[in-house]
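Single-letter residue listing:
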Amino acid sequence: MKTGNQMVETDFTLLGLFQYGPLDSFLFIAIAILFSVALTGNITLILLIRMDPRLHTPMYFLLSQLSFIDMMYISTTVPKMAVNFLSNSKTITFLGCEIQTFVFLVLGGTEALLLGFMSYDCYVAICHPLRYPVLMRKRICWFMVMCVWASCSVNSLIHTVYIFQLPFCPSQLINHFFCEVPSLLPLVCQHTSQYEHTVLLSSLIILLLPFTAIVASYACVLTVVFQMSSGKGQTKAISTCSSHLLVASLFYMTTLSTYTMPHSIHSPQQDKVVAVFYTMITPLLNPFIYSLRNKEVMGALRRLFVRKM
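Not measured: the values here are computed from a predicted model.

Let's shift gears to the overall build of the protein. Of regular secondary structure, the protein possesses 10 helices and 5 strands. Relative to the 2.2 N^0.38 estimate, which gives 19 Å for 309 residues, the radius of gyration of the protein is 21 Å and therefore close to what a compact globule would have. Counting over 309 residues, the protein shows a buried share of 46%. Residue pairs at least 24 apart in sequence account for 80% of intrachain contacts in the protein once pairs closer than 6 positions are excluded. Accessible surface computed for the protein: about 15,600 Å², of which carbon and sulfur atoms make up 70%. In the protein, the 18 positive side-chain charges and the 12 negative ones have mean positions that sit 18 Å from each other.

Below, the structure written as structure tokens:
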């Protein structure tokens with residue numbers, strides 16, 4: 001909140017996913033279980049990829065990055081939401097809200113771009129298998145990942161610094177279970193239409209462009225797959241890419257619906273429900289979709305159990 005030319009930093013109050021009431025303890029336990037399962041699944045997948053030499057390929061390197069992002073992603077929002085179910089104070093400090101917004105934007109943008117690169121990896125592996133070792137060599141993979149992290153960090157820093165220097169209204173109630181740009185805009189005491197255009201442009205670049213690239217990649221992949229004479233080859237190719245397409249669709253559809261609409265037509269309750277998908281459901285499903293639908297990962301898991309026994 002601004003007074004004169006000074007910024008007065010005050011705590012925000014998070015209204016939460018649901019109205020707090022007698023089911024708080026049950027909701028805390030349910031969310032804690034989901035958080036633990038998601039964290040365990042992603043950590044297991046990271047360790048499995050690191051420990052099994054057969055999984056030291058570009059595809060699994062990118063997958064390990066995705067699991068790391070999901071592990072951090074769910075850790076950024078869910079613990080505070082769960083604690084609020086048992087706490088009398090639902091507040092978050094100005095600095096805490098600022099940090100949460102920045103980290104969330106970095107991780108969300110990085111995941112969006114990384115999913116695009118994963119579809120490119122799938123496209124090269126199936127459509128240009130002879131060139132795959134050259135196009136997806138280790139140095140190029142590291143370069144892509146570092147560029148994604150750096151660009152999303154800069155973009156998130158710009159958005160975070162800008163929105164938190166705006167004047168906030170005296171009411172510090174955030175109708176959400178964590179701090180993110182769309183939930184903060186209703187608290188700003190000035191017109192934000194120009195800034196919303198900037199948010200829309202960033203969303204189109206970071207969300208829509210990779211999603212378009214994914215759709216184009218899979219169109220090419222399906223064309224090549226259905227030209228294969230081997231039914232086994234078709235099955236393997238479709239199995240490899242279908243899990244990625246499923247996760248990508250869930251992530252992009254929910255985030256696009258939140259970040260591309262003007263805040264004047266947002267429904268807070270709808271935003272919170274949609275946010276559950278890209279903050280909790282996607283990080284929870286990713287490791288299981290990629291492992292249960294992937295014979296190489298399941299094989300690595302069996303080999304690990306055999307070695308331990």
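Okay, the nonpolar core next. One recurring pattern in soluble globular proteins: nonpolar side chains tend to sit buried together. In this structure, Phe12 and Tyr252 are the most contacted members of the largest nonpolar core, which totals 84 residues. When residues of this core are assigned to their parent elements, the largest contribution, 14 residues, is made by helix H3 (residues 94–127). Setting aside residues up to four positions removed in sequence, Tyr252 forms contacts with Ala112, Leu113, Leu115, Gly116, Leu207, Pro210, Phe211 and Ile214.

Right, let's talk about the layout of surface pockets for a bit. The computed volume of the second largest pocket comes to approximately 390 Å³. Forming the boundary of the second largest pocket are 14 residues, of which Ile49, His56, Thr57, Phe61 and Ser64 lie nearest the centre. Mapped by element, the contributors of at least two residues to the lining of the second largest pocket are helix H1 (24–51), helix H2 (58–84) and helix H5 (138–163). Residues of the lining of the second largest pocket, tallied by class, amount to 8 nonpolar, 3 polar and 3 charged.

This part is about the UniProt feature "transmembrane region" (unreviewed entry) in the protein. In the numbering adopted here, UniProt assigns the feature "transmembrane region" (unreviewed entry) to residues 26–48, 60–79, 99–120, 140–164, 200–225, 237–253 and 273–292. With 100% helix and 0% strand, residues 26–48 has its two end C-alpha atoms placed 33 Å apart. This span, residues 99–120, is 100% helix and 0% strand, and a straight line between its end C-alpha atoms measures 32 Å.

Because each turn of an α-helix spans 3.6 residues, side chains separated by three or four positions end up pointing in the same direction. End to end, H5 covers 38 Å across 26 residues, agreeing with the expected 38 Å (1.5 Å per residue, within 8%). Regarding H5, the residues found buried are Cys141, Met144, Val145, Val148, Cys152, Ser156, His159, Thr160 and Ile163. Against the buried residues of H5 lie H2, H3, helix H6 (181–184) and helix H7 (193–225).

Moving on, we get to the side chain of Glu180. Its place among the elements puts Glu180 in the loop between strand S5 (173–174) and H6. Lys272 provides the closest opposite charge to the buried, unpaired Glu180, separated from it by 11 Å. Here Tyr259 takes part through its side chain, which lies 2.6 Å from a polar atom of the side chain of Glu180. Other than its neighbours up to four places away in sequence, Glu180 contacts Thr101, Phe104, Thr258, Tyr259 and Tyr278.

Put simply, H2 and H5 touch, their axes get as near as 10 Å, and they point 25° apart. In this view, H2 runs roughly parallel relative to H5, as classed from their interaxial angle. In this structure, the crossing between H2 and H5 has a hand that is right-handed. Counting all contacts with H2, which are made through Pro58, Phe61, Leu62, Gln65, Phe68 and Ile69, the residues of H5 involved are Cys141, Trp142, Val145 and Trp149. Tallied by class, residues from the contact of H2 with H5 come to 9 nonpolar, 1 polar and no charged.

Calculation criteria
- Residues numbered from 1 in each chain as written.
- Predicted model: local features only at pLDDT ≥ 70, side-chain atom pairs only at ≥ 80, totals over all residues.
- Heavy atoms only, no water.
- Helix = DSSP H or I, 4+ residues; strand = E, 2+ residues; numbered from the N terminus.
- Rg over C-alpha atoms; globule rule 2.2 N^0.38 Å.
- Buried < 20%, exposed > 50% of the residue type's maximum accessible area, 1.4 Å probe, protein only.
- Contact = heavy atoms within 4.5 Å.
- Areas by Shrake-Rupley, 256 points an atom, 1.4 Å probe, with all protein chains shown as cover.
- Lys, Arg positive; Asp, Glu negative; His and termini not counted.
- Charge placed at Lys NZ, Arg CZ, Asp CG, Glu CD.
- Core = buried A, V, L, I, M, F, W, Y, C linked by side-chain atoms within 4.5 Å.
- 1 Å grid on protein atoms, 1.4 Å probe; cavity = no way out; pocket = protein on both sides within 12 Å on 5 of 7 lines; lining within 4 Å.
- Points joined across faces, edges and corners; volume = space filled by probe spheres on them.
- Nonpolar A, V, L, I, M, F, W, Y, C, P; charged D, E, K, R; others polar.
- UniProt positions renumbered as here; feature names shortened; annotations may be inferred.
- Expected span 1.5 Å × (residues − 1).
- Salt bridge = Lys/Arg side-chain N within 4 Å of Asp/Glu carboxyl O.
- Polar contact = N/O pair within 3.5 Å; in protein donor to acceptor, adjacent residues only side chain to side chain.
- Axes fitted to C-alpha atoms, helices over the stretch in contact; angles between N-to-C directions.
- Parallel < 35°, antiparallel > 145°, perpendicular 65-115°, else oblique.
- Left-handed = near helix turned anticlockwise from the far one by under 90°.

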